[in-house]
Amino acid sequence: MTTPDTAANERTDQYITPGHLACPGCGATLAMQWVLSVLGKDTVLGLPACCFSIISGAFPHTPMNVNLVHTAFETGAAIASGLKAGLEATGRGHAHVVSWAGDGGTFDIGLQALSGAAERNEDIIYVCYDNEAYMNTGNQRSSATPRFARTTTSPAGESMHKKDILAIMAAHGIPYAASASIAFPDDLTAKVEKAKHITGTRFLHILVACPTGWRMPSDMTITAARLAVETGVFPLIEIENGERTTITYLPEPRIPLAEYLSIQGRFSGMSKDEIAEIQRWVNERWERLMKTADVSVP
Ligand code: SF4
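Description of the structure in this document. (Residues numbered from 1 in each chain as written. Predicted model: local features only at pLDDT ≥ 70, side-chain atom pairs only at ≥ 80, totals over all residues. Heavy atoms only, no water.)

1. Structural notes on the overall build of the protein chain
Filter applied, for reference: Numbering of helices and strands runs from the N terminus, with a helix taken as a DSSP run of H or I at least four residues long and a strand as a DSSP run of E at least two residues long. As defined in this context, the radius of gyration uses C-alpha atoms, and a globule is described by 2.2 Å times the residue total to the power 0.38. When a residue's accessible area, from a 1.4 Å probe over protein chains only, is under 20% of the maximum for its type it is buried; when over 50% it is exposed; and in between it is partly exposed. Residues are treated as being in contact if the distance between any of their heavy atoms lies within 4.5 Å. Accessible surface is estimated by sampling points in the Shrake-Rupley manner with a 1.4 Å probe; for residues, cover comes only from the protein chains shown. Counting rule applied: Lys, Arg positive; Asp, Glu negative; His and chain ends not counted. Here the site of a charge means atom NZ of a Lys, CZ of an Arg, CG of an Asp or CD of a Glu.
Along its length, the protein chain carries 11 helices and 9 strands. Compactness check: the protein chain gives a C-alpha radius of gyration of 18 Å against a globular reference of 19 Å for 298 residues, within 12% of the reference. Across its three principal directions, the C-alpha atoms of the protein chain cover 60 × 40 × 40 Å. Classification of the 298 residues of the protein chain by burial places 54% in the buried group. Within the protein chain, counting contacts between residues at least 6 apart in sequence, those at least 24 apart form 70% of the total. Looking at the protein chain as shown, the accessible area adds up to about 12,700 Å², and 55% of this sits on carbon and sulfur atoms. Looking at charge distribution, the protein chain has the averaged site of its 24 positive side-chain charges lying 2 Å from that of its 31 negative ones.

2. Comments concerning the sheet that holds strand β2 (residues 67-71)
In plain terms, the rule: The pairing criterion is simple: DSSP has to find at least two bridges between the two strands. Here an angle of 0 to 180 degrees is reported between the N-to-C directions of two axes, which are lines fitted to C-alpha atoms, with helices fitted over the stretch in contact.
One open sheet holds the 9 strands; their spatial order is β2-β1-β3-β4-β6-β5-β7-β8-β9, and the pairing between them is mixed. Looking at the sheet topology across the chains shown, the edges are occupied by β2 and β9 (294-295). With 6 bridges joining them, strand β5 (residues 176-181) and strand β6 (residues 202-207) adopt parallel strand pairing. When the bridges of β6 are listed, Tyr176 appears paired with Arg202. Running over the sheet, helix α3 (residues 76-89) touches β1 (43-48), β2, β3 (96-102) and β4 (125-130) and is turned about 170 degrees from β3.

3. Observations concerning the packing of α3 against helix α5 (residues 111-119)
Basically, it comes down to this: Small angles under 35 degrees read as roughly parallel and large ones over 145 as roughly antiparallel, with 65 to 115 read as roughly perpendicular and the rest as oblique. Three classes are used: nonpolar for Ala, Val, Leu, Ile, Met, Phe, Trp, Tyr, Cys and Pro, charged for Asp, Glu, Lys and Arg, and polar for all others, with Gly counted as polar.
Two numbers describe how α3 lies on α5: the axes approach to 6 Å, and their chain directions differ by 40 degrees. As judged from the angle between their axes, α3 and α5 are oblique. Taking contact as the criterion, the partners of Ala77, Ala78 and Ser81 in α3 are, on α5, Ala113, Leu114 and Ala117. Class assignment for the residues of the contact of α3 with α5 results in 5 nonpolar, 1 polar and no charged.

4. Here's the deal with the site of the ligand
Just so we agree on the cut-off: Note on definitions. A residue lies near a molecule or strand when any single heavy atom of the residue is within 4 Å of it.
Lining the immediate surroundings of the ligand are Cys23, Cys26, Cys51, Ile55, Asn131, Met135, Cys210, Pro211 and Thr212. Breaking the shell around the ligand down by element, the ones donating at least two residues are α2 (51-55) and α8 (211-214). When its residues are assigned to classes, the shell around the ligand shows 7 nonpolar, 2 polar and no charged.

5. Thoughts on the side chain of Ser154
Checked against the element boundaries, Ser154 lands in the loop between β4 and α6 (165-170). Overall, Ser154 belongs to the buried group, its relative accessible area being 8%. Among all residues touching Ser154, those that are not within four sequence positions of it are Arg141 and Ala149.

6. Things to note about the side chain of Thr221
For clarity, the cut-off: Two N or O atoms count as a polar contact when they lie within 3.5 Å, although within protein this holds only if one can serve as hydrogen donor and the other as acceptor, and sequence-adjacent residues are included solely when both atoms are side-chain atoms.
Here Thr221 is to be found in helix α9 (residues 221-230). Separated by 2.5 Å, the side chain of Thr221 and the backbone oxygen of Gly25 make a polar contact. A polar side-chain atom of Thr221 sits 3.3 Å from the main-chain carbonyl oxygen of Ser218. The contact partners of Thr221, leaving out residues within four places of it in the chain, are Gly25, Gly27, Ile182, Ala209, Pro211 and Met216.

7. A closer look at the nonpolar core
Applicable threshold: Put simply, a nonpolar core is a bunch of buried Ala, Val, Leu, Ile, Met, Phe, Trp, Tyr and Cys residues held in one set by side-chain atoms that sit within 4.5 Å of each other.
Met32, Phe52, Met64, Trp100, Phe203, Ile206 and Trp214 are the most contacted members of the largest nonpolar core, which totals 91 residues. Here this core takes 8 residues from helix α1 (residues 27-39), the largest share from any one element. Every residue in contact with Phe52, bar those within four places of it in the chain, is listed here: Ile16, Ala28, Thr29, Met32, Leu47, Met64, His70, Trp100 and Tyr129.

8. As for the packing of α1 against helix α7 (residues 185-196)
Our working definition: Crossing handedness is defined as follows: a turn of the near helix away from the far one that is anticlockwise and smaller than a right angle gives a left-handed crossing, while the clockwise case is right-handed.
For the pair α1 and α7, the least separation of the axes is 9 Å and the interaxial angle reads 45 degrees. As summarised for this structure, α1 and α7 are arranged oblique, according to the angle between their axes. Note on packing geometry: the crossing formed by α1 with α7 is right-handed. Along the contact surface, α1 presents Trp34, Val35, Ser37, Val38 and Leu39, while α7 presents Pro185, Leu188, Thr189, Val192, Glu193 and Lys196. Taken together, the residues that form the contact of α1 with α7 break down as 7 nonpolar, 2 polar and 2 charged.

9. Notes on α3
The condition is simple: A helix is expected to span 1.5 Å multiplied by its residue count minus one. Picture the helix axis, draw a direction to every C-beta atom, and the arc is the one those directions span.
The end-to-end C-alpha distance of α3, which contains 14 residues, comes to 20 Å, matching closely the 20 Å that a straight helix rising 1.5 Å per residue would cover. For α3, the complete set of buried residues consists of Gly76, Ala77, Ala80, Ser81, Lys84 and Leu87. Down the axis of α3, the sector holding all buried residues measures 135 degrees, keeping them to one side.

10. A few points about the packing of aromatic side chains
Our working rule: We call Phe, Tyr and Trp rings a pair once their centres come within 6.5 Å, taking the six-membered ring for Trp, and we label the pair stacked below 30 degrees between planes, edge-to-face above 60, and tilted otherwise.
Applying the stated criterion across every chain yields a total of 7 aromatic pairs. Here the aromatic rings of Phe52 and Trp100 are separated by 5.8 Å at their centres, their planes lie at 80 degrees, and the arrangement is edge-to-face. Of this pair, Phe52 sits in helix α2 while Trp100 sits in strand β3, and the two are 48 residues apart along the sequence. When its relative accessible area of 0% is taken as the criterion, Phe52 is described as buried. Given a relative accessible area of 0%, Trp100 falls into the buried group. Consider the rings of Phe184 and Tyr249, whose centres lie 4.7 Å apart with planes at 55 degrees: the pair is tilted. Here Phe184, found in the loop between β5 and α7, pairs with Tyr249, found in the loop between β8 (244-247) and α10 (257-262); they are 65 residues apart in sequence, far enough to count as distant.

Shown next, in the form of C-alpha cells:
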C-alpha cells in the first residue's frame with residue numbers, strides 16, 4: 001500500500017466541532033470535513049434524511065460551522081436547486097450549494113429529484129456519502145449494498161450487485177462526476193477543488209467506511225476505506241461531460257479482495273465460491289475500465 005496522503009491532512013479548519021453525534025470512527029464526518037475544507041464557510045448544505053440529519057444535531061444546537069437546511073428524504077437535489085435559485089435572486093449566488101445525501105437518499109429515494117436536477121444542469125454540488133446501507137435507521141440494504149453483505153434486511157447476504165451510480169450520473173452528460181475516498185484525502189480534495197470551479201451539476205460519490213454497519217472496530221475506518229480502493233472494489237475516477245473517464249489512482253498490483261472482506265463482520269460466513277465470484281466481478285469491471293479510461297496519476 002502507499003503511504004497516507006499528507007498535504008490534505010495539513011488543512012486545519014474545523015467545520016464540525018467536537019461533541020457531534022456520529023458513532024466513533026465514522027467515515028462520513030471525515031468526508032464532510034474534507035469537502036468543507038475546500039469549499040469554505042460560504043457554503044449552504046441541504047441535508048435529506050441520512051446519518052448527517054442526526055450528526056448535525058437538532059435546532060438550535062449544531063456542531064456544524066456552515067448554514068444547513070434539513071430536507072425530506074426524496075428532495076435533496078430539488079431543495080438544493082431551490083436554495084441556489086433563492087441565493088441568486090437575493091444577490092448571494094456566489095455561495096456553494098451542496099446537497100449532502102447518503103446512499104439511500106441518492107441511489108434509491110432521491111434519484112428522481114437528482115436526475116431532474118442533473119437534466120436541468122442545476123448549478124449545485126451533489127455529494128453522495130456512501131456507507132452502503134440505510135445506516136441511519138439500523139442498517140437496511142440499499143441499492144448501494146454490495147453483493148453478499150449482511151444487513152438487517154439481507155440477513156443471509158445481499159443478492160444483488162451494487163448499482164453503478166457514477167455511470168448513471170455521467171449518462172446525464174453533467175460537467176463533472178467523480179468518485180473519491182476518505183483514505184485518499186489529496187485525491188478527494190483535488191476533486192472538490194476542481195468541482196468548485198465548474199458551473200452546473202457536479203456529482204461526487206464518496207465511499208465512507210462505517211464501523212457500525214460494516215461491523216468492524218472503530219479504528220479500522222481508514223484501513224477499510226483504503227482497501228476498498230487498493231482491491232479495486234471502489235475505483236477512483238472522474239468523468240467529465242459524460243464522456244472522458246480518467247482513473248486518478250491506479251492500485252498496482254491490486255490486493256486480493258479477501259483481505260478487504262475479511263476485516264468486516266458484514267461479510268462473515270462467505271464461502272470461497274462467493275468470494276471468487278465477487279473477485280471475478282471486480283476483475284471484469286477493471287478490465288472494462290482500463291479499456292475505456294485514461295490514467296492520470298499525480
Ligand atoms: S452509522 Fe456509520 S455512517 Fe452513520 S454515524 Fe454511525 S459510523 Fe457514521
